[in-house]
Structures are given as structure tokens and as C-alpha cells.
Amino acid sequence: MQVIVNRAALMEVLNAASGVVASRTTKDILKCVRLTTVDNGMLVSATDLEVALRVHVHQVEVKKPGDILIAADKLGSIVRESTDETLTLEGDTQSCHIRGQDSHFEIYGQDPREFPPVPELEGTPDLEIEVENLKTLIDRTLFAVAKENTRYAINGVLWEKKGKKLALVATDGRRLARSVGSAEQSVGEDNSMIVPAKTVQVIQKVLPNTEGTVGIRFSSNLVIVRAGDYVISSALVEGRFPQYEEVIPKDCDHKIELSTEEFLSAVRRASLLTNEQSKAVRLAFGKEKLVLSSRAPEQGEATVSMRVEYNEEPLEIGFNPVFLTDALRVAGTPTVTMELKEASQPGVFRAGAGFLYVVMPVNLS
Amino acid sequence: MRAILHFDADAFFASVEQAADRSLRGRPIVVGGLHRGIVASASYEARRYGIYTPMPVTAARRLCPKLIVVPPRFELYEQFSAHIFGLAGEITPIVERQGVDEGYLDLTGTSRCLKRDPVEAAAKLQRDVKDWLKVTISQGVARTKLLCQIASKKFKPEGFTVIPPDPAEELGFLHPLPVKWLPGIGPAHERLLQSAGLTRIGQVARMPVEWLSELVGSSARGLRDFANNIDDRPVVTNTPEALSYGHQETFQEDTTDAAFVDATLRRLADEAFSRLRADGRQIRTVTVKIRYTDMDEHQGQMSLKEPTDVAADVYPLISKLLQRLWDRRVRIRMVQVRLSNVYTGFSQLDLFGVRQRRRDLAMVCDQIREKFGPRGVMRAHDWVLEGARDEGRGARDGAKPARSASEGSRGQRKAKEEYVFSRG
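Procedures and definitions
Residues numbered from 1 in each chain as written. Chains lettered and ligands numbered in written order. Predicted model: local features only at pLDDT ≥ 70, side-chain atom pairs only at ≥ 80, totals over all residues. Heavy atoms only, no water. Helix = DSSP H or I, 4+ residues; strand = E, 2+ residues; numbered from the N terminus. Buried < 20%, exposed > 50% of the residue type's maximum accessible area, 1.4 Å probe, protein only. Contact = heavy atoms within 4.5 Å. Areas by Shrake-Rupley, 256 points an atom, 1.4 Å probe, with all protein chains shown as cover. Patch = residues over 30% accessible without salt bridge, like charges linked within 9 Å, V, L, I, M, F, W, Y side chains within 5 Å. Salt bridge = Lys/Arg side-chain N within 4 Å of Asp/Glu carboxyl O. Lys, Arg positive; Asp, Glu negative; His and termini not counted. Charge placed at Lys NZ, Arg CZ, Asp CG, Glu CD. Axes fitted to C-alpha atoms, helices over the stretch in contact; angles between N-to-C directions. Parallel < 35°, antiparallel > 145°, perpendicular 65-115°, else oblique. Left-handed = near helix turned anticlockwise from the far one by under 90°. Nonpolar A, V, L, I, M, F, W, Y, C, P; charged D, E, K, R; others polar. Pairing = 2+ DSSP bridges. Buried area = accessible area lost by both parts, 1.4 Å probe. Polar contact = N/O pair within 3.5 Å; in protein donor to acceptor, adjacent residues only side chain to side chain. Phe/Tyr/Trp six-rings, centres within 6.5 Å; stacked < 30°, edge-to-face > 60°. Lys NZ or Arg CZ within 6 Å of the ring centre and 35° of its normal.

**Observations concerning the overall build of chain B**
Inference 1: Of regular secondary structure, chain B possesses 17 helices and 13 strands.
Inference 2: In chain B, which comprises 424 residues, the share counted as buried stands at 50%.
Inference 3: For chain B, long-range pairs separated by at least 24 residues make up 64% of all intrachain contacts whose partners lie at least 6 apart in sequence.
Inference 4: Within the structure as shown, chain B displays about 20,500 Å² of accessible surface, and the carbon and sulfur contribution to it stands at 52%.

In C-alpha cells:
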């Protein structure tokens, strides 16, 4: 194989692939990317056997068709450090040569035929959604996903397809984020699947490189997402996602409209005097006023007040400030509505029609 | 001018046993394990035979065939300790507890408040303890914590040493003493100082700090200050909150049975977590220590992502640590579990109630054990230990297999820890 490839284009693709390539594995082959020439360019594929990525690179001039397998980190570093506009890649199953104007690298390769197959999205996708829409859905939920929780099912993001709506839901057991968006096209029955957090991260990373619509294939054991030249496929998380609808409170007595920016700033300032061992900000609602306070033992205390529309009984509730700021950062609306019942009951945030966030309080007593 | 009293009970555990049982008075007794015995405390009658702590009970028996060995009753010592500190509290509110049987009292204000100068107040405490509790304490009164502590420990039993707040008197007392009386000077440091010709505190006091730091490093300045009786450490009333929760067990027989050791560690974790829950706290880090039969020790720790107060969360970590630490093919003598990285107060509530249900379960188990004893409710690993006990292993030192329901309370455990620490 011999190709001349645009360095910037290749770098963009290798950056995306670096999120997929297995970092800790005993199989050297999974630390590689596969480069395959096709009719109008080159395919770059990577997999860790759970998530797989294939990208069609167009800015390539194919001199001699072929197929090579090459260590992803070495290729990535060379492409990143080089200054040439184009690089020439040449190789066989033995080794690969990368040539710039004043440089030459030889990397010993592996046999590409041993590389696991990387799926393509064939036929019509089950759902098509605008890139921007999907990006918003992911941004508003991915942060809430559980990290290495023993309840395996919540280590992924739930994707629910209902008619022409797509909802993403993530929870770590203390808070839950749900974001709903409209799809352009939807075929087949309603469906749902739990997509591993890593896969969603990879999708989040490649979406800015694309435009138009994203095609999604729902199946019982595999999700395939096609966005522009990128195709991401992944095994699903097995298990049952918790019955999340049940924990969304429906009978909150207090509804408070808050300016997103102002509230975010207040929470961030109040959280400056919390520490690892006592991570809580106290929200005290009084007449027309919200006072946020915190205390870090042996360090000090903080109090921040803001004006709010509140004319009911005084109410005090504590929250982990990180849980609040996480959601406020991605709300994307000038105001959010906060709904509360009592100090030991979950708080609910809504931003527009599309975003719902349920967060459990911290016991302050 | 400050006046500080340090008191230290004389042969505390043994004295309490003698106070509680008239027939033991005037006779050589030691408190210690019946099986694998180490003398935890020896009465002055026993000390005359050359018995000291810590020494194996078997060796002590050889020295004194008439020796009476009493198993420890920590809850009793805890009670006596509470009485002593109660009497101390009548003299001044500024009392710093240093263990079951020693503490500092700040007597600076007694002349004005009690119309009794510090020395009289101290003498009254010593009399009261002896009259009421039938145990004796040794006391030192001085201007600094350092001096009064040395004074109380140097002249025993029933010592009463007052060092007037006059620099000449103070240094006259301090400087001729061997260097081992300085805080932080253990046998290793003592040898080190001696090798440099420094045997008396007075010699350390005259040593330039730079030279001293060649020997003892960064602690040189503090050491020389102590040697010159420069010590403004205050008597601190509030005993600092526990920074960790530790429980340990010395096996009756050294063992190679991994299942038994693992079960023991889990049981120790249960006990530590029960105390943790009673204090309303959570932890994030667990440390496991093992001691081999040749006294070689290994320890390691692991942390959870989130703080917890449920023992089941750390079981997997404990097993992993044990597996990692036990890398010699040698029998194990002692194991310890320690919970640290303590979180106070706030607890994050759970959305689906999973953690809450597990906590509730643990709390209910605590209550059952409180009411019906440790066997009121048992986990699988407790059965492993039961099986081992039936085969004649198991059973911790000191604790009898048949425990009444109220034993196993917190007081006993606390005392046991202090007992462990005082053995050094």
C-alpha cells in the first residue's frame, strides 16, 4: 500500500481513534489502527472489542491499494509532531514507512488480516437526528453517568426511542439526568438500549467533526451510529436500567424560577468553602430570598445571597454543589425551574421542555 | 505562672483487680492473656520477682510460681478510669485524657477558684483516688507538661513530686536525667545519642541545633527545646475525635488457614463499622495489617470512591488486600483492620434507596447485637469462625467464648485498643 495523506485530516481521525484504541490490553493488535485503501480514499479503523470506530478519510491520494496495521500511539505522535502538509504512508504486513519532507519513520507492523472486523451501518438507520440535537442530548446527560458502579446497568446511558423522540437518561444513583430531543426520521418500533459511557464519549468527541444528520441503528446487542464519515459501533450494556420514572417526583410543592447564570455563580462561590469530607451547600429559601451557605471545618464559612421569587414557608435543603453545577453548566437556557418538596426529598431541575435533572439532597443534620 | 499536673495510675489494671477483689491485695498478680499470655499489667508485689510488662505469662510464672494470673476485664478498667477522671474534673475543667490511666490537669486557676493552691489541689486528688477507689496514682506538678510528666513517671508508686517554677530548680531536675526521658527518644534514638556521647539531658541542652540535627534530623530543634524545658504545649480538654477505627486480633494459634483469616478480618471490619455508625460517620479508606509468626509485619490500604458506613462495601477490598499482603509462606499471628479517611456529618442520600436499605439493615443488625450479643445475628463469615472455634482455634486473647449480652459494648473495645497501644 502507498498513499499520500493530508496530515491535518489524518490527525483529526487519529485523535478520535485514540479514544477507542485499547490502552491496557495484552493483545498488541488492539493497540493498532488499521488503514485500508478504498475507492475514494482510505478507511481508518480501531477497536477495543467493545467499541469500534471506522472513518472514511477523503483527503488521500492512493498510489497503490493495500492494507496496513500500525501502532496507534506511534502513528499518532508522528503525525502530531510533523510539520509537513502531507505525509506518505507506505507499507506491507512487515512494516510501515512514514515519510515527510525531511523525515522517515519505519514502524514494524502486524498482519491486518488478524484485526477484528469493524461493523458498518448498512441499510436505513432506525433513527436520524440532527448532529446538534444529539450533541445537546449527550452533553446534558453523560456527566451524570455512574463511574465503575457495581450496578452494571447504570454505567451506561439509556437511549430511548419513542416515535420521533429520542431520550437519553443517565444516573449514578444519586442524581439522574434526562434529555429529550426530536428526530428527523424514525422507522420501526419504539426501542431502548444502554450504551456504555465510553462509547458515548467517543460519539461526543467525533460529533463536532461532522454536520448534517446522525443515523442510529438500534439492535438487541449492538448500537451503530453513523455521523458523516464516522461510524461508531459498540456492544451494549447488559442488564436492566432502573425504573427511573418512579423516582421523578410529581408532587413538588415549591416551584422556584432561577436565573441559570446567577444561580450557577452563587453555588460555585458558596462551594469554595466545602471540603472533601463535608461536601454540601445549604440552600435556605426565605421570603424573596435564597441564601446559600457552606462550612469547611477548620477552614471557614461562606454565605451567598440572591433574590428569588419565593413567597412560601421557609425551606432548607442541602446539596452536593458539584451535582448542581454539573447540571447548570449544561442546562443551556437563561432560566431553570427548581422544584422541591422537603429537605429529604429529591430536588428537580427543568430547563425548557427537553431537560430534566433529579438530584438527591445531602442530609444536613 | 502555669501549674500543670500529670497523673499516672500505678500498675493500673492489676491495681483495679486488687481493688475489686480483696483476696488479691498484697499478693503477686498479673493481668494478661490466659492462653498466649503477655503480661499487660503486674502488681508491685509481682514486680519484686522481676516481672515486667510486656513479658510472656509463662516466663512470669517461672519467676514466681505463686503468681496469680487474672484475665483482663477492660470494662471494669474503663469504669475505674471514668471515676478517676470524674474526681479530676472536680478540681479543674481543663483535663486532658492520655489513656485509661493517665492525664494532664491544668491547675493554674485553682488558687482563685478553689482557694487551694495547685499543690494542695493535687494532693487532694491523690488522696481522693486512694480513699474512694483503692488504687494509687503518682503525680508530678510543674510549670510544663514535659516536667510534670517526667516527675509523675519517675517516682512510683504513689509518687508526689513538685518542681517549683524556678528555672534553676527545673533544670536542676531535668538536666541530670538520662536522655531517654525526653519525648520522642526511643531505644534507637537513645543509642544514637549515646554513641555521640550524649547520655544526659543537660548535654543535649548545650548542643548546637545544627550538630544535633546531624543525629536526629528535623526533630533536633524540638528536642533541644525540651532539653531546656521550653515547652508551651497547652492542656487540651477536648479529646480529638477519632481519626481512625482500628480493630485487631491475635490468634490463639498462628494459622495458615486463609478462609479463617479472611473471616476474622471481616468480623473485625463489622465491629469497626458498628462503632463508626454509632458515631454517625463514614470512611473511605481501609487498611489491613498482618503480623507473621516471626513478628514481621505487612500492611496495605485501599480506598473507595465514595465514603461508606456499611462493612459489606469493604469486604472485597479486605480480601484483595489480604491476598496481596500474605506473600510469604509463613503462619500469621495477628491481623488488624483500620478504617480511616473519616467523613463527618453530611451524607448524600440515594435516589433508588439501595444504599439506604443496606444501611438500615446494618443498623438493625447493630441493634440486635446490642440486645442479644454478638451471636444475635451472624453473617456467613461468623459461621466460619464458629466452626474454627469448635475445632479449638479462634477466640481472641482475653475474651471468653461465653460472653454475656452486654459485653462486647463499646467501652470494652475502646479499652482493648488502649491496651493494645500501651503495649507499644
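**Here we look at the overall build of chain A**
Inference 1: A count of helices and strands for chain A gives six helices and 27 strands.
Inference 2: Counting over 365 residues, chain A shows a buried share of 54%.
Inference 3: Considering only contacts within chain A whose residues lie at least 6 apart along the sequence, 67% involve residues at least 24 apart.
Inference 4: As displayed, chain A offers around 17,000 Å² of accessible surface, 45% of which is attributable to carbon and sulfur atoms.

**Description of a negative patch on the surface**
Residue and element names in this part refer to chain A.
Inference 1: A cluster of like negative charges, contributed by Asp253, Glu312, Glu313 and Glu342, occupies part of the molecular surface.
Inference 2: On the secondary structure map, Glu313 appears in the loop between strand 22 (300-307) and strand 23 (315-319).
Inference 3: Since its relative accessible area comes to 62%, Glu313 is described here as exposed.

**Digging into the environment of Ser233(A)**
Inference 1: Mapped onto the elements, Ser233(A) comes out in strand 18 (residues 230-235).
Inference 2: Residues Ser233(A) and Val51(A) lie 182 residues apart in sequence; the distance between their C-alpha atoms is 5.8 Å.

**A closer look at the pattern of salt bridges**
All names here are of chain B.
Inference 1: Enumeration according to the criterion identifies 41 salt bridges over all chains in this entry.
Inference 2: Measuring nitrogen to oxygen at the nearest pair gives 3.6 Å for the salt bridge that ties Asp8 to Lys156. With a gap of 148 residues between them, Asp8 in strand 1 (residues 4-9) and Lys156 in the loop between helix 7 (145-154) and strand 8 (160-162) connect regions that are remote in the sequence.

**Brief notes about the packing of helix 3 (residues 131-139) of chain A against helix 4 (residues 197-206) of chain A**
When two helices pack together, their arrangement is given by the angle between their axes and by how far apart the axes lie.
All names here are of chain A.
Inference 1: One can describe the packing of helix 3 onto helix 4 by two numbers: an axis separation of 10 Å at closest approach and a directional angle of 135°. Judged by the inter-axis angle, helix 3 sits oblique to helix 4. Along this stretch, helix 3 crosses helix 4, giving a crossing that reads as left-handed. Together, Leu134, Ile138 and Asp139 of helix 3 and Val200, Ile203 and Gln204 of helix 4 make up the contact between the two elements.
Inference 2: Of the residues that constitute the contact of helix 3 with helix 4, the class distribution is four nonpolar, one polar and one charged.

**Examining the pairing of strand 9 (residues 104-108) of chain A**
Residues and elements named next belong to chain A.
Inference 1: Pairing of strand 8 (residues 95-99) with strand 9, which is carried by five bridges, proceeds in the antiparallel orientation. Bridged to Arg99 within strand 9 is His104.
Inference 2: Turn length for the strand 8-strand 9 hairpin, with the two strands adjacent in sequence and antiparallel, is four residues.

**Description of unusual backbone geometry**
Residues and elements named next belong to chain B.
Inference 1: For the bond from Thr53 to Pro54, the omega torsion is -10°, close enough to zero to count as cis.
Inference 2: Along the chain, the position of Pro54 falls in the loop between helix 2 (44-47) and helix 3 (57-63).
Inference 3: The linkage connecting Lys156 with the following residue, Pro157, adopts the cis geometry, with an omega of -5°.
Inference 4: Its location among the elements puts Pro157 in the loop between helix 7 and strand 8.

**What to know about the sheet that holds strand 2 (residues 29-32) of chain B**
Residues and elements named next belong to chain B.
Inference 1: The sheet built from three strands is open, its strands ordered 3-2-4 with mixed pairing. One side of each edge strand has no neighbouring strand; the edge strands of this open sheet are strand 3 (39-42) and strand 4 (68-70). Recorded for the sheet is a direction-independent mean angle of 30° between the axes of neighbouring strands.
Inference 2: The pairing of strand 2 with strand 3 spans three bridges and is classified as antiparallel. Across the sheet, the residue bridging to Val31 is Ser41, located in strand 3.

**Some words on the sheet that holds strand 7 (residues 137-142) of chain B**
Residue and element names in this part refer to chain B.
Inference 1: Reading across the sheet, the five strands line up as 5-6-1-7-8 and stay open at both edges, with mixed pairing between neighbours. At either margin of the open sheet sits one strand with a lone partner, and together these are strand 5 (95-97) and strand 8. The average angle at which neighbouring strand axes cross in this sheet is 15°, direction not considered.
Inference 2: The sheet contact formed by strand 1 and strand 7 spans six bridges and is antiparallel. Among the inter-strand pairings, Phe7 is bridged to a residue of strand 7, identified as Gln139.
Inference 3: In the packing of helix 6 (residues 118-133) onto the sheet, contacts are made with strand 1, strand 6 (102-106), strand 7 and strand 8, and the angle to strand 7 comes to roughly 175°.

**Quick notes on the interface of chain B and chain A**
Inference 1: Contacts between chain B and chain A engage 15 residues on the former and 25 residues on the latter.
Inference 2: Here chain B and chain A share an interface that buries about 1,800 Å² over both sides, 61% of which is from carbon and sulfur atoms.
Inference 3: Three residues, Phe346(B), Leu351(B) and Phe352(B), lead the burial of chain B against chain A; their summed loss comes to 42% of the area buried on that side.
Inference 4: Taken together, the links from chain B to chain A amount to one salt bridge.
Inference 5: On inspection of chain B and its partner chain A, the count reaches six residue pairs in polar contact (both at pLDDT 80 or more).
Inference 6: Of the residues forming the side of chain B that touches chain A, the biggest block, four residues, is contributed by strand 12 (residues 332-344) of chain B.
Inference 7: By residue class, the composition of the side of chain B that touches chain A is seven nonpolar, four polar and four charged.

**Quick notes on a nonpolar patch on the surface**
Residues and elements named next belong to chain B.
Inference 1: A cluster of nonpolar side chains, contributed by Val119, Phe160 and Val162, occupies part of the molecular surface with about 190 Å² of accessible area.
Inference 2: Along the chain, the position of Val119 falls in helix 6.
Inference 3: Residue class for Val119 comes out partly exposed when judged on its relative accessible area of 32%.

**Observations concerning the packing of helix 9 (residues 187-195) of chain B against helix 11 (residues 209-216) of chain B**
All names here are of chain B.
Inference 1: It is the contact of helix 9 with helix 11, at a shortest axis distance of 10 Å, that shows an interaxial angle of 130°. What the angle tells us is that helix 9 and helix 11 run oblique. In this structure, helix 9 meets helix 11 at a crossing whose hand is right-handed. Where helix 9 approaches helix 11, its residues His189, Leu192 and Leu193 are matched on the opposing element by Leu212, Leu215 and Val216.
Inference 2: For the contact of helix 9 with helix 11, the per-class residue count stands at five nonpolar, one polar and no charged.

**Some thoughts on the packing of aromatic side chains**
Inference 1: Applying the stated criterion across every chain yields a total of ten aromatic pairs over all chains.
Inference 2: Pairing Phe263(A) with Phe349(A) gives two aromatic rings, centres 6.3 Å apart and planes at 25°, and the pair type is stacked. A residue pair is termed long-range when its members are at least 10 positions apart, and Phe263(A) in helix 5 (residues 260-270) and Phe349(A) in strand 25 (residues 347-351) qualify at 86 residues. The pair Phe263(A) / Phe349(A) is uniform in exposure class, with both members buried.
Inference 3: Aromatic side chains Phe13(B) and Tyr77(B) sit 4.3 Å apart centroid to centroid with 10° between the ring planes, which places their arrangement in the stacked category. Taken together, the positions of Phe13(B) in helix 1 (residues 12-20) and Tyr77(B) in helix 4 (residues 74-91) put the pair 64 residues apart, joining distant regions of the chain.
Inference 4: Here Tyr77(B) falls in the buried class, since its relative accessible area comes to 0%.
Inference 5: Ring pairs connect the aromatic residues Phe143(A), Phe263(A), Phe349(A), Phe355(A) and Tyr357(A), which therefore count as one cluster.
Inference 6: Stacked on the ring of Tyr44(B), the Lys or Arg Arg47(B) has its end atom at 4.5 Å from the ring centre.
Inference 7: Between Lys145(B) and the ring centre of Tyr104(B), over which it is positioned, the NZ or CZ distance is 4.7 Å.

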